[in-house]
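# An overview of the molecular structure
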Amino acid sequence: EVTLRVTDSGGATGTRTETLTVAFGLMNQALRNGLVGMAYVQQLVTGGATGSVAFSIASGPFSGSGPFDGAVGTPCEGLRFTTLGRFEGTPTTVGVCGPFVVHVADGTGSAERTYQIRVLPAVAYVANNGPGTVSIIDPAAAAEVAVVPVPGQPGAGAVRPDGERVYVTLPR
């Protein structure tokens, strides 16, 4: 039970006691992006559990009965999901791993949520002041894979968290 006490600007107070019901479920709203060739680790978290919990994949591009391995030839390849709710591994293919449905159960209830993991290429962006370009570098190959001209001399860059855009600062 929770007791709430409220006081208004005139000094009047009111008190009320409420009972809160805690629902069992998955707390993670989304999973972070992964990078090809880079280690990936993400732990799922539950709330309201009354005992030990067990995770599984109810549907999607994973196989096995725990641990669950990402399907070969998909962006899930190289990833593994454990019965303790942990994604781990090294993705090998660019794309969207999923959607897949994670199922979790404790002694008294269960919950499901649909997730996906966006797997992005592992690249670096380098602002080249002199020529007014941005180089795209593949660190694994230690090679420049593309050059993008920009209007002016780029100063710095930032990548949007979903990997869909790169922002470059230019002087006035």
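Structure shown above.
These figures come from a predicted structure and were not determined experimentally. (Residues numbered from 1 in each chain as written. Predicted model: local features only at pLDDT ≥ 70, side-chain atom pairs only at ≥ 80, totals over all residues. Heavy atoms only, no water.)

### Regarding the overall build of the chain
A tally of helices and strands in the chain yields zero helices and 18 strands. The C-alpha atoms of the chain give a radius of gyration of 24 Å, which is well past the 16 Å a tight globule of 172 residues would have. The dimensions of the chain, computed from C-alpha atoms along their principal axes, are 70 × 60 × 20 Å. The proportion of buried residues among the 172 residues of the chain is 26%. Of all intrachain contacts in the chain linking residues separated by at least 6 positions in sequence, the fraction that spans at least 24 positions is 43%. In the chain, 10 side chains carry a positive charge and 12 a negative one; their mean positions are 7 Å apart. (Helix = DSSP H or I, 4+ residues; strand = E, 2+ residues; numbered from the N terminus. Rg over C-alpha atoms; globule rule 2.2 N^0.38 Å. Buried < 20%, exposed > 50% of the residue type's maximum accessible area, 1.4 Å probe, protein only. Contact = heavy atoms within 4.5 Å. Lys, Arg positive; Asp, Glu negative; His and termini not counted. Charge placed at Lys NZ, Arg CZ, Asp CG, Glu CD.)

### Some words on the sheet that holds strand β15 (residues 133–138)
Here we have three strands laid out as an open sheet, ordered β14-β15-β16, and antiparallel in their pairing. Strands with a single pairing partner mark the edges of an open sheet, and in this sheet they are β14 (124–128) and β16 (143–149). Taking the axes of each pair of neighbouring strands and ignoring which way they run, one obtains an average angle of 25° across the sheet. With six bridges connecting them, β15 and β16 associate as antiparallel partners. When the sheet's bridge partners are listed, aspartate 138 is paired in β16 with alanine 143. (Pairing = 2+ DSSP bridges. Axes fitted to C-alpha atoms, helices over the stretch in contact; angles between N-to-C directions.)

### Remarks on the nonpolar core
Nonpolar side chains in soluble globular proteins tend to end up buried together. In terms of nonpolar packing, the biggest core is built from 21 residues, with Leu44, Phe62, Phe87, Phe100, Val102 and Ile117 touching the most fellow members. Listed by contribution, the elements that provide at least two residues to this core are β7 (54–59), β10 (79–81), β12 (95–105) and β13 (110–120). Sequence-distant contacts of isoleucine 117, defined by excluding residues within four places in its chain, comprise Leu31, Arg32, Gly34, Tyr40, Leu79, Phe87, Gly95, Val96, Cys97 and Phe100. (Core = buried A, V, L, I, M, F, W, Y, C linked by side-chain atoms within 4.5 Å.)

### A closer look at the packing of aromatic side chains
Summed over the entire model, instances satisfying the criterion amount to six aromatic pairs. Ring centres of phenylalanine 68 and phenylalanine 81 lie 6.4 Å apart, and the angle between their planes is 40°; this geometry places the pair in the tilted category. Of this pair, phenylalanine 68 sits in strand β9 (residues 68–70) while phenylalanine 81 is found in strand β10, placing the two residues 13 residues apart along the sequence. An identical accessibility class is assigned to phenylalanine 68 and phenylalanine 81; each is buried. Judged by centre distance (4.4 Å) and plane angle (40°), the rings of phenylalanine 81 and phenylalanine 87 are tilted. Each member of the pair phenylalanine 81 and phenylalanine 87 is classed as buried. (Phe/Tyr/Trp six-rings, centres within 6.5 Å; stacked < 30°, edge-to-face > 60°.)

### Some remarks on the side chain of serine 135
Structurally, the position occupied by serine 135 is in strand β15. Reaching out from serine 135, the side chain makes a polar contact with the side chain of asparagine 128 at a distance of 2.7 Å. Contact partners of serine 135, with chain neighbours within four places excluded, come to Ala124, Tyr125, Val126, Asn128, Glu144, Ala146 and Val147. (Polar contact = N/O pair within 3.5 Å; in protein donor to acceptor, adjacent residues only side chain to side chain.)

### Looking at the environment of histidine 103
Structurally, histidine 103 can be placed in strand β12. For histidine 103, a relative accessible area of 23% gives the class partly exposed. In sequence terms histidine 103 and alanine 58 are 45 residues apart; their C-alpha atoms lie 5.8 Å from each other. The contact partners of histidine 103, leaving out residues within four places of it in the chain, are Ala54, Phe55, Ser56, Ala58, Ser110, Ala111 and Glu112. For histidine 103, the side chain forms a polar contact with the side chain of glutamate 112, separated by 3.1 Å.

### Overview of the side chain of asparagine 28
In this fold, asparagine 28 is placed in the loop between β3 (25–26) and β4 (34–35). In contact with asparagine 28, other than residues within four places in its own chain, are Gln42, Gln43, Leu44, Val45, Arg113 and Tyr115.

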